[in-house]
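One letter stands for each residue in the lines below.
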Amino acid sequence: MQLMAVTLQVMKHQSSLRQKITLGYLGYYALAFLIISLSLFTYFELRLIEQKIRVGERIAELFDVTLEIRRFEKNYFLYRQIADFQEVRRYASKVDELLESSAADFSGLALEPQILKVKNEVRVYRALMAEYLKAGAAETRQTELLEAQIRKVGKDIVAITEGMAGAERLLIRATLDKFRATLLISIALLSLTMIVIGWMLSRLVARPLKHMDRCVEAVSSGRLDRIVVPSEDSEIISITQAFNHMIGELELRQKRLLRSEKLASLGTMLAGVAHELNNPLSNISLSCQILLEEVGSCDPEQGKELLEQIDEQTERARKIVRALLDFARDKPVKRERVALAALFEDVLLFLKGETPPNVRIITEIPAEIVLQADRRRLEQAFLNLIKNALEAIGESGEIYIGAARHRLTNESFVAKQGHDNRFLGKCYPGVEAIDIEIRDSGPGIPVDVLPRIFDPFFTTKDVGRGMGLGLFIVYEIVEEYNGCISVDSESGRGTVFHIRLPLESADGSRQ
Ligand code: ADP
């Protein structure tokens, strides 16, 4: 285990992925070498066992032959049949033949001395038998002595071969046991080495790559976050650097694109402003002309009315110019902790004077929802949305304002993109967010109007009532928070705006 820790430490300090992979390869080569060695070892060990079995078979045969000698020897002493004597001789020669033919198998073995002993004993046995035959059939003192000697030598021969056969059997069994144990240990060691190498490769090579894959996937789904891969490998570091550089470039281009888009909409706005300013200016000019023409003779009541009109139109022009300035100026965003419930309370207070008595406003905003945001900008966005809802429902109806942490799933936002409904912004999957819903029971938005409602200066309201900048500004503000907005509406079915503000702000800090 200690060795493994040391290897891991060494591998960790390798600063290149290639080195680690090479180390892994070396590990697998070593493994392959071990497997080949084990196979060779198994092969030779099996050959050795085979040889031992062959020797065992020879010894067993030897033992059987000596038993036969003893059997015919007994018969001979019992019945004095010459045929039995001949059998004894034949089997004794067979012992010699066996020892002769197995000389190669027996050479160098531990039982060589016993084999030599059997050879000698068989020779003695033969000589004694020949002497016995020569002494004749009569039972004399000499033949009795010879018979006893023969029996003893025969017994010795059987005892030796029996001992040899037993010892060989034990030897084969021990060899097999040793072989089995060696094989099992080798297989266990090999498997362990394989697991360790695989684990090391996966920990040191696959893991950073997997992490990188996840980061890249997040980027491909639209998040331009810098990736941080916890690895010291030179390849991963350089890929990460190149990738982060690419993200930087992308961000820069995106900003440039946004700026040019903003410039384009500024152009559109300027055209719109010029057009919009034209009305109050011509009204002012008309009122001034009337006043100039009727100076001195003018009815004070009419003069007052004209002056009021000039004041009203000047105020309208001022509003238009302020909206333009608000849009064009790169205002520093002032972020502070903003309690959403309190913010909506203030907004509804601003609109109290414009809320007809038969309009019911229901709010469901948990007090604990707090955002890190520019209060004034958020107020402006919600004010525009609620004002639109109030204007849509007229004298009686209902407005529902709700907020929740992840009240909507991302799918519900995405699903809206496919329909006639409008979806704007870039909401990423899996980002923690506050979802705000503003719903009204008004007449809804006709299908042909829906795609244009976020465009600057698009309005369906009468001249002087709407400038068509409300939703455009709402979208601008939502975008500042990397959020998204969707609208779900149909003629005669009311309107619902969903706004998602991610808790992770654009600069990456959590709100
Ligand atoms: P304005 O309110 O000055 O017209 P907006 O950008 O706020 O400009 O809205 C654009 C248009 O979207 C409105 O003129 C109106 O037709 C439509 N609209 C916005 N909100 C609603 C709503 N809640 N119900 C019905 N129509 C709406």
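Residues numbered from 1 in each chain as written. Predicted model: local features only at pLDDT ≥ 70, side-chain atom pairs only at ≥ 80, totals over all residues. Heavy atoms only, no water.

With that settled, consider the overall build of the protein. The helix and strand inventory of the protein stands at 12 helices and 8 strands. Relative to its full complement of 511 residues, the protein shows a buried share of 38%. Taking as baseline every contact in the protein between residues at least 6 positions apart, the subset at least 24 positions apart corresponds to 78%. For the protein, the accessible surface area stands at approximately 29900 Å², while carbon and sulfur atoms represent 57% of it. (Helix = DSSP H or I, 4+ residues; strand = E, 2+ residues; numbered from the N terminus. Buried < 20%, exposed > 50% of the residue type's maximum accessible area, 1.4 Å probe, protein only. Contact = heavy atoms within 4.5 Å. Areas by Shrake-Rupley, 256 points an atom, 1.4 Å probe, with all protein chains shown as cover.)

With that settled, consider the nonpolar core. Within the largest apolar cluster, 47 residues are counted, with the highest numbers of intra-cluster contacts made by Leu340, Phe344, Leu378, Phe382, Ile386, Ile436 and Ile453. The set of elements that each furnish at least two residues to this core consists of helix H9 (340-350), strand E3 (370-373), helix H10 (375-393), strand E4 (396-405), strand E6 (433-440), helix H12 (470-480), strand E7 (484-489) and strand E8 (495-502). For this core, the leading source of residues is H10, giving 8 residues. Discounting residues that sit within four places of it in the chain, Leu378 has contacts with Leu343, Leu371, Ala373, Ile477, Tyr481 and Leu501. Judged by nonpolar contacts, the second largest core, of 31 residues, contains Phe85, Tyr91, Phe106 and Tyr125. (Core = buried A, V, L, I, M, F, W, Y, C linked by side-chain atoms within 4.5 Å.)

By nearness alone, 18 residues border the ligand, and Asn388, Thr459, Thr460, Lys461 and Gly468 come closest of all. Thr459 has a polar side-chain atom sitting 2.6 Å from an oxygen atom of the ligand. Between an oxygen atom of the ligand and a side-chain N or O atom of Lys461, the distance comes to 2.6 Å. Isolated, the ligand exposes 530 Å² of accessible area, and the fraction of that covered by the protein chains is 92%. Counting only elements with at least two residues in the shell around the ligand, the list comes to H10 and H12. Here the shell around the ligand gets 3 residues from one element, more than from any other, and that element is H10. (Near = heavy atom within 4 Å. Polar contact = N/O pair within 3.5 Å; in protein donor to acceptor, adjacent residues only side chain to side chain.)

According to the stated counting rule, one finds 19 salt bridges in the structure shown. A salt bridge links Arg318 to Glu315; its shortest N-O distance comes to 3.0 Å. Of the two residues, Arg318 and Glu315 are both situated in helix H8 (residues 300-328); the distance of 3 residues between them amounts to about one turn of the helix. A relative accessible area of 45% places Arg318 in the partly exposed class. Residue Glu315 is classed as partly exposed on the basis of its relative accessible area, which comes to 33%. One network of salt bridges, with partners in common, ties together Arg80, Glu147 and Arg151. (Salt bridge = Lys/Arg side-chain N within 4 Å of Asp/Glu carboxyl O.)

Running from N to C, H10 and H12 cross one another at 140 degrees; their axes reach a closest spacing of 9 Å. For the crossing formed where H10 meets H12, the hand is left-handed. Within the contact between the two elements, H10 uses Arg377, Leu378, Gln380, Ala381, Asn384, Leu385 and Asn388 and H12 uses Gly470, Leu471, Ile473, Val474, Glu476, Ile477 and Glu480. Within the contact of H10 with H12, the residues separate by chemical class into 7 nonpolar, 4 polar and 3 charged. (Axes fitted to C-alpha atoms, helices over the stretch in contact; angles between N-to-C directions. Left-handed = near helix turned anticlockwise from the far one by under 90°. Nonpolar A, V, L, I, M, F, W, Y, C, P; charged D, E, K, R; others polar.)

Of note in the backbone geometry, Arg80 takes a positive phi value of approximately 55 degrees without being a glycine. Along the chain, Arg80 turns up in the loop between helix H2 (17-79) and helix H3 (82-101). You can call Arg80 partly exposed: its relative accessible area is 29%. Even without glycine at this site, Asn482 takes up a positive phi of about 60 degrees. Secondary-structure assignment places Asn482 in the loop between H12 and E7. Classification of Asn482 by relative accessible area gives buried; the value is 16%.

Our focus in this paragraph is H9. Here H9 has its buried residues at Leu340, Leu343, Phe344 and Val347. Buried residues along H9 cover an arc of 95 degrees about the axis, so they all sit on one side. For H9, the exposed residues lying more than 90 degrees away from the buried face are Glu345 and Leu349. If you follow the buried residues of H9, they end up packed against strand E1 (336-339), E3, H10, E4 and E6. (Arc of directions from axis to C-beta.)

Attention now moves to the confidence of the model for the protein. Scored by pLDDT, the protein has a mean of 81; 83% of the residues are at 70 or more. At the low end of the mean pLDDT range in the protein sits helix H11 (residues 410-418), at 47; at the high end sits strand E2 (residues 358-364), at 95. The model gives residues 10-14 a pLDDT under 50, and that stretch makes 11 contacts with residues more than four places away or in other chains. Confidence drops under pLDDT 50 across residues 505-511; counting only partners more than four residues distant or on other chains, this segment forms 16 contacts. (pLDDT = per-residue confidence, 0-100.)

Another aspect to go through is the environment of Arg337. Along the chain, Arg337 turns up in strand E1. When the C-alpha atoms of Arg337 and Leu371 are compared, they prove to be 5.6 Å apart, with 34 residues separating the residues in sequence. With near-sequence residues (within four places) excluded, Arg337 lies in contact with Val370, Leu371 and Gln372.

Turning our attention to the side chain of Arg70. Tracing the sequence through the fold places Arg70 in helix H2. A distance of 3.3 Å separates the side chain of Arg70 from the backbone oxygen of Arg151, its partner in a polar contact. For Arg70, the residues in contact, after removing those within four places along its chain, are Arg151, Gly154, Lys155 and Val158.

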